Amino acid sequence: MMRLESTFVFLGLFKAIASQQICDVWQTTEDREKLFTYFQPTPDSINFASPGAIGSVDIVIDDSSVYQTIYGFGASLTDSSAQLLSNLKSQNSNSYWQLLDYLFNITDGADSAGFSYIRVPLGSSDFSANAYSYDDISGDINLNYFNIVAAPSYVFSTLSDILSVNQWLRVHVVPWSPPGWMKNGTADGGSLNTAYISTMANYLWKCLQGFQSKGIPIYAIGIQNEPENSNPTYPTCSMSVSTEAQIGLALRTLMDLNGFQNTKIIGYEHNWVDAANYPVQLMQQAESAFDGVSFHCYEGSVSDQAEFTSQYPNKEVFFTECSGTLGSDWWSDIKWYMDNLFIGSLAYGSSTGLMWNLALDGNGNPILSGSNSCSGGCRGVVQINSNGSWSVNQEFYAMAQASKAILPRDEGGPWGQRIGVSVEGLLSSALVVGAYVTGRVSLVDWDRYSIVVLNSDDSASSHLPVEATIEFRGMRATYTFPVGVTTLWWYAPANL
């Protein structure tokens, strides 16, 4: 009898696997014939079937290896981005709401990127109309004059609008500088006077309270953006590991005692190049305070993330900043972003993938007067024009393709998790692949499996689509990937 029951279980599982189909495709191609375009394979869906000959590339999915949850993709809502979006709302309200929906709607099947992670500067940055903090009264160590509305009102109104589109938005805040009086009298460059470590922890706690009073829940807070950067032309601050550690410990205590136990503290927030040093030392000194660390792209390589994760595998990793540059090549950028950020950084443990400014105009403005931070001009994910029109840039397409793979299938359901994948075959170097599984609210519903595939085989001698086999639980499907980025979905019973 037991053998008969086992046979039925096996046949049921075989039937389930055999009936799996790739029915949903999102694609952005190098020739721009498809730009984050949804379609279903024609004339029929692509079936997983009994193994046959492998293609030029064999993509092997290992869903027994499950890694980090992916919290989402997005950018920074700088003052400049919020100002442009607010202006758009005033000029053309319908166009504004269409843009927010296209960027942030995470409803399953929606024609939208579903961005779900936003970083917000606490006080001014190099993309603000003027330099300010939330308490610019010199010597106010008790922070009696702290005022969250020192920020432009359009920052909070825009955040509220985004939250109305995506209630699951994760907001991550971090200062570019402490108030100038805690340093050498100016927010531009310099370092924190260590006599103000406790005051700075209180300042950050008050920031959390201030955002809460505006109806903006905070998912994570950083201590200092780019603590190894002191630039005298815009708000920055050099901060030693010891100082950041002490602030983190004091802030964690304040948060735990005052209702912010579930808000994460993220450390470092700087370039890959120093992954083996600053963030590691930060954990050595204040591991209990920090949930993880974040990285930027401007120096080093994505593989440097392993220098941190190998020593602190249980700490979370976030990728939180990289900027596009005006005039760069559209397709070259997308290739680099996918290889290094939106597939690559996740493969090295990141739970997020963010660009710098969410929105700028076509000249990389508005930027803080006198700032030299964007040599060549920074490009926003979105370009907003003075006539009330907008367009999306290459950063959007790269992130949108990645985002579709990890969004919840069900309202309020789980987010995608990275799973194991390997790429083999004669043309394996042409493809970069990330693989993900998204669980379901109901145990009887099948999980969604997704792969994001970059085909970068665009040399003059080839520039051809790559036929690949996709191996999953002993079955194979075949798909031909054009030069571009492709996101595929299929469903299967959970791998319990």
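Fair warning: this is a prediction, and the values are worked out from it, not measured in the lab.

Basis of the calculations
- Residues numbered from 1 in each chain as written.
- Predicted model: local features only at pLDDT ≥ 70, side-chain atom pairs only at ≥ 80, totals over all residues.
- Heavy atoms only, no water.
- Pairing = 2+ DSSP bridges.
- Helix = DSSP H or I, 4+ residues; strand = E, 2+ residues; numbered from the N terminus.
- Disulfide = S-S within 2.5 Å.
- Buried < 20%, exposed > 50% of the residue type's maximum accessible area, 1.4 Å probe, protein only.
- 1 Å grid on protein atoms, 1.4 Å probe; cavity = no way out; pocket = protein on both sides within 12 Å on 5 of 7 lines; lining within 4 Å.
- Points joined across faces, edges and corners; volume = space filled by probe spheres on them.
- Nonpolar A, V, L, I, M, F, W, Y, C, P; charged D, E, K, R; others polar.
- Axes fitted to C-alpha atoms, helices over the stretch in contact; angles between N-to-C directions.
- Right-handed = clockwise from strand over helix to strand, strands pointing away.
- Contact = heavy atoms within 4.5 Å.
- Phe/Tyr/Trp six-rings, centres within 6.5 Å; stacked < 30°, edge-to-face > 60°.
- Lys NZ or Arg CZ within 6 Å of the ring centre and 35° of its normal.

(A) Structural detail: the pairing of strand S19 (residues 417–424). Looking at chain direction, strand S5 (residues 57–69) and S19 are connected through 7 bridges and run antiparallel. Note on S19: the bridge partner recorded for Ile59 is Val423. As paired strands, S19 and strand S20 (residues 431–438) are joined by 3 bridges and run antiparallel to one another. In the strand pairing of S20, Gln417 is matched with Val437.

(B) Region of the structure containing the state of the cysteines. Evaluation of the coordinates by the stated rule reveals 2 disulfides. Paired through a disulfide, Cys297 and Cys322 show a sulfur-sulfur distance of 2.1 Å. Note on the Cys297 and Cys322 pair: the S-S dihedral is about 80 degrees, so by sign convention the disulfide is right-handed. Remark: Cys322 occurs in the loop between strand S12 (316–321) and strand S13 (324–325) and Cys297 occurs in the loop between strand S11 (292–296) and helix H8 (305–309); sequence separation between them is 25 residues. Since its relative accessible area comes to 3%, Cys322 is described here as buried. When the cysteines engaged in disulfides are numbered in sequence order, the protein chain pairs them as 1-2, 3-4. Between Cys237, a free cysteine, and Cys207, which holds the nearest cysteine sulfur, the sulfur-to-sulfur gap is 14 Å. For Cys237, a relative accessible area of 0% translates into the label buried.

(C) Seen up close, the layout of surface pockets. Taken as a whole, the largest pocket encloses approximately 310 Å³ of empty space. Lining the largest pocket are 18 residues, with Tyr298, Glu321, Ser373, Cys374 and Cys378 sitting closest to its centre. Its residues assigned to classes, the lining of the largest pocket shows 6 nonpolar, 9 polar and 3 charged.

(D) Structural detail: the sheet that holds S12. Ordered in space as S12-S11-S10-S9-S8-S7-S6-S14, the 8 strands form an open sheet in which the pairing is parallel. At either margin of the open sheet sits one strand with a lone partner, and together these are S12 and strand S14 (352–357). Pairwise comparison of adjacent strand axes, ignoring direction, gives a mean angle of 30 degrees for this sheet.

(E) Fine view of the pairing of strand S10 (residues 264–271). Counting buried positions over the 8 residues of S10 gives 8, a clear majority of the element. Remark: the strand S9 (residues 220–222)/helix H6 (residues 241–257)/S10 crossover connection has right-handed handedness. Where S10 meets S11, 5 bridges bridge the pair, whose relative direction is parallel. By the bridge assignment, Gly267 is partnered in S11 with Val293.

(F) Representation of the environment of Asn393 in the model. Note that Asn393 resides in the loop between strand S18 (390–392) and helix H11 (394–403). Sequence separation between Asn393 and Ala359 is 34 residues; the distance between their C-alpha atoms is 9.8 Å. If we ignore the near neighbours within four places in the chain, the residues touching Asn393 are Arg379, Gly380, Val381, Val382 and Gln383.

(G) View of the packing of aromatic side chains. All chains considered together, the criterion is met by 37 aromatic pairs. Seen in terms of ring centroids, Tyr337 and Phe342 are 6.1 Å apart; in terms of plane orientation they differ by 50 degrees. Their pairing is tilted. Here Tyr337 falls in the buried class, since its relative accessible area comes to 4%. Owing to a relative accessible area of 0%, Phe342 belongs among the buried residues under this scheme. Relative to Tyr397, the ring of Phe396 has its centre 5.4 Å away and its plane inclined at 85 degrees; by these criteria the two rings are edge-to-face. There is no split in this pair, since Phe396 and Tyr397 are both buried. The ring of Tyr219 is capped by Arg170, whose NZ or CZ atom sits 5.4 Å from the centre of that ring. Lying over the aromatic face of Trp489, Arg448 brings its terminal NZ or CZ to 4.3 Å of the ring centre.

(H) Region of interest: the sheet that holds strand S15 (residues 359–360). Within the open sheet, the 3 strands sit side by side as S15-S17-S18. Their pairing is mixed. Two strands in the sheet have a free side with no partner beyond their single neighbour: S15 and S18. Strands strand S17 (382–384) and S18 of the sheet are contacted by helix H3 (residues 93–104), whose axis makes an angle of about 10 degrees with S18.

Read these as spatial facts, not as claims about activity.
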